[in-house]
Amino acid sequence: MVSHFCWGCLSGLRQTAPRALLPRPPSALPAATAAFHTSAARYANPLKKKSNSVEPPKYRQAKSARMKKKKVIEKPKPPAPGERKALRKRIVLSNTNALEVPGMQDLSVETMIDSRLRGSVVGLPVPMLDQLRAVQAFKPTQGWYIFRRPGTVLRRETLEMGRLFERISDGPEKGKVVKRIVTGMRGTGKSVHLLQAMAMAFLKKWVVFTVPEAQDLVISHTAYAPLPGTNPIQYVQKDATSALLQRTALANKDVLSELRICQEHPELASFVRPNMNLEELARLGVQDASIAWPVFQALWSELTATEPKVNEKKFKPRPPILVTVDGLAHWMKDSKYRSAEFEPIHAHDLVS
């Protein structure tokens, strides 16, 4: 059956389908945009094409490739020879930040035998500090840098030693040879006890010879040579003897400068002058280590002389002598030195 509607009527009807389902003409589509930008892609600047051509060098510019210079790293300057050892063995005897102890007495000829001061601390006299430094009486491990000034405790052993000094100087034991060995565990005060002995000797105007560390003379660190005319063979260390004379001359300068040579010394005839004092005699071995051993023998014979052989008018009685050795145990065994037959040399065969 033929429809009553014509094609023209059908074309005039209103479209009822949703607009999203109907296709859109190409001219009505929106432009593609980036998700992260609001402007349209069509307004973006066109990408430049990469060019493989190399730009010509500028005026007065080198054509070769430039290499970056490496940054120079300044290395610290190594310490000078002996600087580390000097820093390790540095002795500081005063701390300005520490409080001063009020009423502390100084060690003197009277206080070193005063039993009422047992257990108390006494200060070392300031003029004596240079003498104690010269004989290397202070040790880096004794903690002197903590206090305002160096001081020491008068123990029972200290007072007994003070009375012994008094008896030897002006008592019944005058001229007597006394030997003492101080023993004890590590850190019990043996080195401090030797320091107290040296301080008392300086107060009494004695002559002090000291070996700060006996180990240094047996570990094969100093030159040695056989001593002619000895049987069994003994060995001398000229550098160690020269160092011993230097310590003795510095610490006992006031006492040795007042004593004149009154003995004959044929081995040093070309060096000794008639009016030379003992301080000048000791310095001969300091200036020339090759004659250190004959100079030490001459100095010892002068200090132990009881009557003069020359210069009788200038002869003075010799003061007592104190000899201290720290670390005596190292001298009771074989040393690191070797003889000509490559046999170990005992420490007792090293005369100096």
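Since this is a predicted model, take the numbers as computed values, not measurements.

**Q** Quick one: what's the story with the overall build of the chain, residue by residue and with numbers?
**A** What the chain contains, in helices and strands, is 9 helices and 8 strands. In the chain, once contacts between residues fewer than 6 apart in sequence are set aside, the share between residues at least 24 apart is 68%.

**Q** Tell me about helix α4 (residues 156-170), and please be specific about residues and values.
**A** Its 15 residues give α4 an end-to-end C-alpha distance of 22 Å, which sits within 8% of 21 Å, the value for a rise of 1.5 Å per residue. Looking only at α4, the buried set comprises Thr 158, Leu 159, Met 161, Gly 162, Leu 164, Phe 165, Ile 168 and Ser 169. Of the surrounding secondary structure, the elements contacted by the buried residues of α4 are β2 (151-153), α5 (190-203) and β6 (321-325).

**Q** With reference to specific residues and values, describe the pairing of β6.
**A** Alternating positions in β6 separate cleanly, Leu 322 and Thr 324 being buried on one face and Ile 321, Val 323 and Val 325 remaining unburied on the opposite face. Judged from the 5 bridges that link them, strand β3 (residues 207-211) and β6 form a sheet pairing that is parallel. Each bridged residue has a counterpart across the sheet, and for Val 208 the counterpart in β6 is Leu 322.

**Q** So what's going on with the nonpolar core? Residues and values would help.
**A** By size, the foremost hydrophobic cluster in this structure holds 33 residues, and its most contacted members are Leu 124, Leu 132, Phe 138, Phe 165, Met 198, Phe 202 and Leu 322. Secondary-structure elements contributing two or more residues to this core are α3 (129-134), α4 and α5. The element contributing the most residues to this core is α5, with 8 residues. Of the domains in this structure, domain 1 (83-192) and domain 2 (205-351) are the two that each give at least three residues to this core.

**Q** Pulling in residues and values, what's your account of a nonpolar patch on the surface?
**A** A cluster of nonpolar side chains, Val 92, Tyr 145, Ile 146 and Phe 147, forms an exposed patch at the surface whose accessible area comes to about 390 Å². The residue Val 92 is located in the loop between α2 (83-88) and β1 (121-123) in this model.

**Q** Can you lay out helix α9 (residues 292-303) for me, pointing to particular residues and giving the numbers?
**A** With 12 residues, α9 ought to run about 16 Å at 1.5 Å a step, and its terminal C-alpha atoms sit 16 Å apart, in line with that. Buried within α9 we find Ala 292, Trp 293, Val 295, Phe 296, Ala 298, Leu 299, Glu 302 and Leu 303. Turning to α9, the residues buried within the fold contact β3, β5 (235-236), α6 (238-251), α7 (253-256), α8 (278-287) and β6.

**Q** Talk me through the side chain of Glu 279; I want residue IDs and the actual numbers.
**A** Relative to the helices and strands, Glu 279 is located in helix α8. In this structure Glu 279 comes out as buried when scored by relative accessible area, which is 9%. Discounting residues that sit within four places of it in the chain, Glu 279 has contacts with Ala 249, Lys 253, Leu 256 and Ser 257.

**Q** I'd like a description of the pattern of salt bridges, backed by residues and values.
**A** For the structure shown, the criterion picks out 11 salt bridges. The shortest N-O distance in the salt bridge between Glu 157 and Arg 155 comes to 4.0 Å. Overall, Glu 157 belongs to the partly exposed group, its relative accessible area being 32%. Arg 155 sits in the partly exposed class, given a relative accessible area of 37%. Between Glu 279 and Arg 283 there is a salt bridge, with its nearest N and O atoms 2.5 Å apart. Separated by 4 residues within a single helix, Glu 279 and Arg 283 lie in helix α8, roughly one turn from each other. Arg 283 sits in the partly exposed class, given a relative accessible area of 26%. Three or more residues are tied together by salt bridges with common partners; here these are Arg 155, Arg 156, Glu 157 and Glu 160.

**Q** I'd love a proper account of the environment of Val 286, names of residues and values included.
**A** Along the chain, the position of Val 286 falls in helix α8. Classification of Val 286 by relative accessible area gives partly exposed; the value is 24%. Separated by 44 residues in sequence, Val 286 and Ser 242 have C-alpha atoms that sit 5.0 Å apart. Once residues lying within four places of it in the same chain are set aside, the contact partners of Val 286 are Ser 242, Leu 245 and Gln 246.

**Q** Could you give me a rundown of the packing of aromatic side chains, with the residues and numbers involved?
**A** Summed over the entire model, instances satisfying the criterion amount to 8 aromatic pairs. The interplanar angle of 85° and the centroid separation of 5.3 Å between the aromatic rings of Phe 138 and Trp 144 together place this pair among those described as edge-to-face. A network of ring pairs unites the aromatic residues Phe 209, Trp 293, Phe 296 and Trp 300 as a single cluster. Sitting over the face of the ring of Phe 342, Arg 338 holds its NZ or CZ atom 4.7 Å from the ring centroid.

**Q** So what about the pairing of β3? Which residues, and what values?
**A** With 5 of its 5 residues buried, β3 lies for the most part within the structure. Neither face of β3 is left uncovered, since the one carrying Val 207, Phe 209 and Val 211 and the one carrying Val 208 and Thr 210 both have all their residues buried.

**Q** Could you give an account of the packing of α6 against α9, with specific residues and numbers?
**A** Across the interface, α6 lies against α9 with an axial gap of 8 Å and an inter-helix angle of 45°. It follows that α6 is oblique to α9 by the angle criterion. Taken as a pair, α6 and α9 cross one another with a handedness that is left-handed. Packed against α6, whose contacting residues are Lys 238, Thr 241, Ser 242, Leu 244 and Leu 245, the element α9 presents Ala 292, Trp 293, Val 295, Phe 296 and Leu 299 at the interface. The class makeup of the residues in the contact of α6 with α9 is 7 nonpolar, 2 polar and 1 charged.

**Q** Which residues make up unusual backbone geometry, and what values go with them?
**A** For the bond running from Asn 231 to Pro 232, omega is -5°, close enough to zero to count as cis. Secondary-structure assignment places Pro 232 in the loop between β4 (225-226) and β5. Backbone geometry places Phe 342, a non-glycine residue, at a positive phi of 60°. Assignment of secondary structure puts Phe 342 in the loop between β7 (334-338) and β8 (344-346).

Rules behind the numbers
- Residues numbered from 1 in each chain as written.
- Predicted model: local features only at pLDDT ≥ 70, side-chain atom pairs only at ≥ 80, totals over all residues.
- Heavy atoms only, no water.
- Helix = DSSP H or I, 4+ residues; strand = E, 2+ residues; numbered from the N terminus.
- Contact = heavy atoms within 4.5 Å.
- Expected span 1.5 Å × (residues − 1).
- Buried < 20%, exposed > 50% of the residue type's maximum accessible area, 1.4 Å probe, protein only.
- Pairing = 2+ DSSP bridges.
- Core = buried A, V, L, I, M, F, W, Y, C linked by side-chain atoms within 4.5 Å.
- Domains from an automatic or database assignment.
- Patch = residues over 30% accessible without salt bridge, like charges linked within 9 Å, V, L, I, M, F, W, Y side chains within 5 Å.
- Areas by Shrake-Rupley, 256 points an atom, 1.4 Å probe, with all protein chains shown as cover.
- Salt bridge = Lys/Arg side-chain N within 4 Å of Asp/Glu carboxyl O.
- Phe/Tyr/Trp six-rings, centres within 6.5 Å; stacked < 30°, edge-to-face > 60°.
- Lys NZ or Arg CZ within 6 Å of the ring centre and 35° of its normal.
- Axes fitted to C-alpha atoms, helices over the stretch in contact; angles between N-to-C directions.
- Parallel < 35°, antiparallel > 145°, perpendicular 65-115°, else oblique.
- Left-handed = near helix turned anticlockwise from the far one by under 90°.
- Nonpolar A, V, L, I, M, F, W, Y, C, P; charged D, E, K, R; others polar.

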